[in-house]
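Reading the structure
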Amino acid sequence: MYIESFRIDGFGIFSGVQVENLPPGLSIFLGRNEAGKSTCLEFLRSMLTGYPDPRSREAKRSYAPLRGGQAGGSLVLRADEREPLHLTRRPGSGGGMLTLSEADGGMLPPERETAGTLPIQRETPRQGAGSAQKGAARTPQEPGASLEQIAFHPESGARART
């Protein structure tokens, strides 16, 4: 599964930003210091793993929208030749409100509930800025697990509506 596109509605310095047509494999974001590369990485991490617990030290680094827009955003995920999956997350308790749907906004049919790569645990090893492992994450992989079982895994902190 890979991120095909994402939209940042409001997260840190970004508001109304759309990135499309990301290919499978490695994508690299380049920019000057303070351009928002780490903010973009944290946005993707928050979309996939949930927002940090408001009481945690991690939450002290606020990524509240600084330039307007509704906090949160969305990802379009694609696995092989299947239709894309639309993931939207807004801040809130328990990692935030997660919505999973077809890319057109329709409800997921039962056969689409078997995916295999969500969620990723938020507690990940962190190294210095620029490290290749920054934001690396672990995913609970259980053979035959449905998307719901994976998305609502206790370690994800996710609550969702599908």
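Higher on the page you've got the structure.
A quick note: this is a predicted structure, and the numbers were derived from the prediction, not measured.

1. Quick word on the overall build of the chain
Summing up its helical and strand segments, the chain has two helices and six strands in all. Along the chain, helices and strands appear, N-terminal first, in the series β-β-α-β-β-β-α-β. For the chain, with 162 residues in total, the buried portion stands at 40%. A separation threshold of at least 6 residues defines the contact pool for the chain, and within that pool the share at least 24 residues apart is 55%. Counting every atom, the chain has about 9400 Å² of accessible surface; 52% of that belongs to carbon and sulfur.

2. Quick look at unusual backbone geometry
Backbone geometry at Asn21 places phi at a positive 60 degrees, although glycine is not the residue there. By the secondary structure assignment, Asn21 is in the loop between β2 (14-19) and α1 (37-49).

3. A short note on the nonpolar core
When a protein is soluble and globular, its nonpolar side chains tend to lie buried together. Ranked by internal contacts, the top residues of the largest apolar core, which has 19 residues, are Phe6, Ile8, Phe43, Met47, Leu75, Leu87 and Leu100. Broken down by secondary-structure element, the contributors of at least two residues to this core are β1 (2-11), β2, α1, β3 (72-78), β4 (85-90) and β5 (97-102). By residue number, the principal contributor to this core is α1, which donates five residues.

4. Side note on the pattern of salt bridges
A complete count under the given rule lists four salt bridges for this structure. Taking the shortest distance from any N to any O, the salt bridge between Arg90 and Asp9 comes out at 2.8 Å. One end of the pair, Arg90, is in strand β4; the other, Asp9, is in strand β1, with 81 residues separating them in the sequence. One salt bridge in this structure joins Arg45 and Glu42, with 3.5 Å as the shortest N-O distance. Linking Arg45 with Glu42, this pair stays in helix α1, spanning three residues, or about one helical turn. For the pair Arg45 and Glu42, one class covers both residues: buried.

5. A short note on α1
Three or four residues apart is the spacing at which side chains of an α-helix point the same way, because the helix has 3.6 residues per turn. Helix length check: α1, at 13 residues, gives a terminal C-alpha distance of 18 Å against a target of 18 Å (1.5 Å per residue), a fit within 8%. Counted residue by residue, α1 has ten buried out of 13 residues, so it is predominantly covered. Every buried residue of α1 is accounted for by Thr39, Cys40, Glu42, Phe43, Leu44, Arg45, Ser46, Met47, Leu48 and Thr49. Buried residues belonging to α1 abut β1, β2, β3 and β4. Gly50 occupies a position one or two residues after α1 and carries a positive phi of about 100 degrees.

Criteria and thresholds
- Residues numbered from 1 in each chain as written.
- Predicted model: local features only at pLDDT ≥ 70, side-chain atom pairs only at ≥ 80, totals over all residues.
- Heavy atoms only, no water.
- Helix = DSSP H or I, 4+ residues; strand = E, 2+ residues; numbered from the N terminus.
- Buried < 20%, exposed > 50% of the residue type's maximum accessible area, 1.4 Å probe, protein only.
- Contact = heavy atoms within 4.5 Å.
- Areas by Shrake-Rupley, 256 points an atom, 1.4 Å probe, with all protein chains shown as cover.
- Core = buried A, V, L, I, M, F, W, Y, C linked by side-chain atoms within 4.5 Å.
- Salt bridge = Lys/Arg side-chain N within 4 Å of Asp/Glu carboxyl O.
- Expected span 1.5 Å × (residues − 1).

Keep in mind that these numbers describe shape and distance, not what the molecule does.
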